[in-house]
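# Coordinates in review
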Amino acid sequence: GSNLWLALGMVETQLIEVGDGCLAYLQGDGGWGWSNAGLVVGDGTSLLVDTLFDLKITERMLTAMAEHTARAPIDTAVNTHANGDHCFGNQLLPVSSTVVSSTAAAEEMPELPPALLAALNNDPGEAGDLFRSFFGEFEFDGIELRIPDRTFSGRLDLDIAGRVVELIEVGPAHTRGDVLVHVPDAGVVYTGDILFIGGAPIVWAGPLGNWVAACDLILGMDAQAIVPGHGPITDDRGVAAVRDYLAIVDEEATERHAAGIDAFEAAREIGAALGASERYGELGEFGRIVVNVETAYRSLDPAHESPDIVEQFRRMAELERAR
């Protein structure tokens, strides 16, 4: 068993019960691409929160969940947002199941299709080397994107065999259409990538203020267990740490933007200050500050042009190496 997974380069996984009939599937330390998922089990039916980055690891997850889904099949799945590590496994869901997401997430999904990531992973050149340094452990060939069948904006309450599951749109923040999945009767929240625990959050869409507000919303839910998109199960302290990181970056980036400082230079400065702090010095994926400052600058000035995605990854890697 475990030696085989080691040989395949797969991370350690856990399937744990975090509340009554609410399970969390955790992958490794939650680094790049190693996302979490969830299962809400009702009487004879279940709801899956997110699929994973490729078919192999999604298959592995569905196998781990089989003891629950054998008596409560997955009839509904929610994609919390459009990033591939939360939806590329959708094609392995039962054909009869309904896949739900925000309208904004469903519109964003085709913009970074699996075939493009497969091409980058297979690129023999410098761009390929860079991409593989982040995502080389995943297998993107042969993935067919399954876009959600049902979309909503704002809020949607689902009935899972008598259990209410609340879907709350909080994007644009991490992406254009982020959704929280709240199971009130169990006191459990699945946050998607509104929470990264142990690693820096990455703000692709913004504005950062929307994400801070999403953290405040979670803090008001009085949740017993909070399942982040990446990293270990957390509580209100984990939410507050993410909220405070984003608030600091927003404030520091705003000051530097007003002073006319270049975005990459601002990212280096803010990153150095955070890296030297007791609270944030140990964060993984530290280089994401590059993207976060770019997003803050675009929010402040719609005319600000960020570099292309490959250049942003190159800069993140540069900052990581310089630590």
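In this report, the structure presented in the accompanying data block is examined. Just so it is clear, the structure is predicted and the values come from calculations on it, not from any experiment.

Here the focus is the nonpolar core. Leu48, Phe135, Phe140, Trp211, Tyr245, Ile289 and Val293 are the most contacted members of the largest nonpolar core, which totals 80 residues. Beyond its immediate sequence surroundings of up to four residues, Leu48 is in contact with Gly38, Leu39, Met61, Leu62, Met65, Ile74, Thr76, Ala77, Val78 and Leu93. Val18, Ala24, Leu26 and Val165 belong to the second-largest nonpolar core, a separate cluster that totals 23 residues.

Let us now look at the layout of surface pockets. Gaps left between atoms show up when a probe the size of a water molecule is rolled over them. In this structure, the largest pocket spans a volume of roughly 930 Å³. Taken together, 40 residues form the lining of the largest pocket, with Asn83, Leu112, Trp204, Ile309 and Phe313 sitting closest to its centre. Top element by residues in the lining of the largest pocket is helix α6 (residues 126-135). It accounts for five residues. Looking at the lining of the largest pocket residue by residue, the classes come out as 24 nonpolar, nine polar and seven charged. By volume, the second largest pocket is sized at about 160 Å³. As for the second largest pocket, its lining consists of 13 residues, and the residues nearest its centre are Ile197, Gly198, Gly238, Ala241 and Leu283.

Two faces make up the sheet, and in a regular strand the side chains alternate between them. The buried count for strand β6 (residues 98-102) comes to four of five residues, which makes it a mostly enclosed element. Bridge count between strand β5 (residues 74-78) and β6: three bridges; the pairing is parallel. In the strand pairing of β6, Val78 is matched with Val100. Alignment of β6 against strand β7 (residues 150-152), held across three bridges, turns out to be parallel. Looking at the pairing, Ser101 lines up with Thr151 of β7.

The side-chain alternation of strand β8 (residues 155-160) yields one buried face, formed by Leu156, Leu158 and Ile160, and one unburied face, formed by Arg155, Asp157 and Asp159. Two strands pair when backbone bridges link them, and β8 and strand β9 (residues 163-169) are joined in this way by six bridges, in the antiparallel orientation. Bridge pairing in β9 places Arg155 opposite Ile168.

A full pass over the atoms with the stated rule returns 17 aromatic pairs. Following the ring pairs from residue to residue traces out a cluster consisting of Trp32, Trp34, Phe53, Phe88, Phe131, Phe134, Phe135, Phe138, Phe140, Trp204 and Phe313. Its end group placed over the ring of Trp32, Arg288 keeps NZ or CZ at 4.1 Å from the ring centre.

Attention now goes to the environment of Gly287. With respect to the helices and strands, Gly287 occurs in the loop between α9 (263-276) and α10 (289-300). Every residue in contact with Gly287, bar those within four places of it in the chain, is listed here: Met316, Leu319 and Glu320.

Parameters and conventions
Residues numbered from 1 in each chain as written. Predicted model: local features only at pLDDT ≥ 70, side-chain atom pairs only at ≥ 80, totals over all residues. Heavy atoms only, no water. Core = buried A, V, L, I, M, F, W, Y, C linked by side-chain atoms within 4.5 Å. Buried < 20%, exposed > 50% of the residue type's maximum accessible area, 1.4 Å probe, protein only. Contact = heavy atoms within 4.5 Å. 1 Å grid on protein atoms, 1.4 Å probe; cavity = no way out; pocket = protein on both sides within 12 Å on 5 of 7 lines; lining within 4 Å. Points joined across faces, edges and corners; volume = space filled by probe spheres on them. Helix = DSSP H or I, 4+ residues; strand = E, 2+ residues; numbered from the N terminus. Nonpolar A, V, L, I, M, F, W, Y, C, P; charged D, E, K, R; others polar. Pairing = 2+ DSSP bridges. Phe/Tyr/Trp six-rings, centres within 6.5 Å; stacked < 30°, edge-to-face > 60°. Lys NZ or Arg CZ within 6 Å of the ring centre and 35° of its normal.

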